[in-house]
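Survey of secondary and tertiary structure
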Amino acid sequence: MPHSSERLTRRLVESLWVNWAVAAGTVSAVMLVALFVPKLWMPLPVLALAYFEVVFMRQTEARMGSRCTAMLRVSVLTLFWTAITMLIINILNSRMLLDDYIDWSNSNKDIPFVTCLVVYPMLTLCSLWVMFRGNPSHTELSRYVHDESAAPEGDVAAAIYNREGHYQVQLMLFLSLAMNAVEWWYYFQYYFNVNLNTPDRFFFNYMPLALYGISLFFVWSRYQNLAAVVGPLAATERSRGAMVRFLILAGDHLLLALNRHERWDTPAITFVSQLEANDDNRIRKAFANITGCEEFQTRLLYDTRGNDHTIDMAHYAVFVPDENSLNGDWDQTNWFSLDQIDRLLKNAQLSAELSDEIYRIFTITMAWKTYDREGKRLYPIKHYRPTFRLRDLKDWDVDYSDTSWFAVAENNQDRPFFRTRKFWRKITGSKA
């Protein structure tokens, strides 16, 4: 049976190459379709290609996370706006609207546009838009490979997906700029708007298809070379340690202490090995060693990465019976209520890590208690806000590693233009 590093390498190469093959292939397929379909009907097959890619992208997101589909989002956006542009040109070319303003004597009603001269400008704009939206989060990428393989290998794959997704968009931008230059040069130098002769078809149709074939070979060669270094990197990652943060709760109070930066943070932080980070018994033992507490409940909230992307961080909530349950010297700590924590947060008196934890727990909890996954209200009361109590954290059946709740918190039935936002994100594949 193959080692987990070998399985990871195989999945990595296949998924990255398939993403490029489908994304670049559907765009190139538009030029192939243009050889057989009249220009009047071209928006229909382009939209059909976009729909096929949306389905494929959703399946990829379900398996791997939305951050692995940057190239697919570029392609979907390109096809969608290409179809809209073609439709607008066809409407204007019907000559019913602009007869009084335009001299149509030099136009060809059968060829209102050259397909590649619509596709490639849209591809350039969409590549730029996706590229400058910002770098994807490392955490969501890690979750897929952490589930599918050992956590250390997942960290390597997450970093590579992150980098290669951005690289593929850059490569697509470069190719689209090059094709724009060649196609527009030929259009102004040699093209006559009478019919499409053999040289026209070569430049406008066959050349993009040939470039797609060359790109497939180039990208496959790149990822075969990349696969040679993924295995050793993944093996190296297995030796790393993990940080564990414990949020200690007694009823509706949270235990905090001032850290070396004079900010309030949890006083219970420890380092464990990667194997211990996935062992509940080891985690319970580690907390007992820190606090001397014997009676408590633990709950894994979620896993994240450190700021340097080299240390795994596990976030646990620990529930003790009362404020006197801890043994040892805890004189430098204080128990805070939710209102007090809120004031500390607004005054920037909490550590960055604790602020992130509080924000994540509160945001996901309130979204989960108020709306369903589609953003629709669970209660027939507009702007209804359910109660939030720290003591209930151990009973809430919500997954704090599920970042899709942030999208629900941002766009829901209580926000303006809820359906418009939802439709736009469905079309573009964008996330909150």
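Refer to the preceding data block for the structure.
A quick note: this is a predicted structure, and the numbers were derived from the prediction, not measured.

Following the criterion strictly, the structure yields eight salt bridges and no others. Two residues, Glu164 and Arg222, come together in a salt bridge whose shortest N-O distance is 2.9 Å. Of the two residues, Glu164 is situated in helix H6 (residues 151–190) and Arg222 in helix H7 (residues 198–237); the sequence distance between them amounts to 58 residues. On the accessibility criterion, Glu164 (0% relative accessible area) is buried. The exposure class of Arg222 is partly exposed, given its relative accessible area of 27%. In this structure, Asp342 engages Lys346 in a salt bridge whose closest nitrogen and oxygen atoms are separated by 3.2 Å. With Asp342 and Lys346 both in helix H10 (residues 338–346), this residue pair falls four residues apart, about one helical turn. Looking at Asp342, the relative accessible area reads 33%, which means it is partly exposed. Here Lys346 falls in the exposed class, since its relative accessible area comes to 65%.

A few words now on the packing of aromatic side chains. What the rule picks out here adds up to 20 aromatic pairs. Taking 6.0 Å as the distance between ring centres and 40 degrees as the angle between the ring planes, the aromatic pair formed by Phe246 and Tyr316 counts as tilted. Of this pair, Phe246 sits in strand S1 (residues 241–250) while Tyr316 sits in strand S6 (residues 312–319), and the two are 70 residues apart along the sequence. Ring centres of Trp264 and Phe336 lie 4.8 Å apart, and the angle between their planes is 70 degrees; this geometry places the pair in the edge-to-face category. One end of the pair, Trp264, is in strand S3 (residues 264–265); the other, Phe336, is in strand S7 (residues 333–337), with 72 residues separating them in the sequence. Neither residue differs from the other here; Trp264 and Phe336 are each classed as buried. Taken together through their ring pairs, the aromatic side chains of Trp184, Trp185, Tyr186, Tyr187, Phe188, Tyr190, Tyr191, Phe202, Phe203 and Phe204 make up a single cluster. Sitting over the face of the ring of Tyr167, Arg222 holds its NZ or CZ atom 3.7 Å from the ring centroid. If you follow Arg360 out to its NZ or CZ, it ends over the ring of Tyr302, 4.0 Å from the centre.

Further remarks concern a nonpolar patch on the surface. On the surface, a cluster of nonpolar side chains totalling about 360 Å² of accessible area is made up of Leu40, Trp41 and Leu44. Looking at the element boundaries, Trp41 is found in the loop between helix H1 (4–33) and helix H2 (43–64).

The rules we used
Residues numbered from 1 in each chain as written. Predicted model: local features only at pLDDT ≥ 70, side-chain atom pairs only at ≥ 80, totals over all residues. Heavy atoms only, no water. Salt bridge = Lys/Arg side-chain N within 4 Å of Asp/Glu carboxyl O. Helix = DSSP H or I, 4+ residues; strand = E, 2+ residues; numbered from the N terminus. Buried < 20%, exposed > 50% of the residue type's maximum accessible area, 1.4 Å probe, protein only. Phe/Tyr/Trp six-rings, centres within 6.5 Å; stacked < 30°, edge-to-face > 60°. Lys NZ or Arg CZ within 6 Å of the ring centre and 35° of its normal. Patch = residues over 30% accessible without salt bridge, like charges linked within 9 Å, V, L, I, M, F, W, Y side chains within 5 Å. Areas by Shrake-Rupley, 256 points an atom, 1.4 Å probe, with all protein chains shown as cover.

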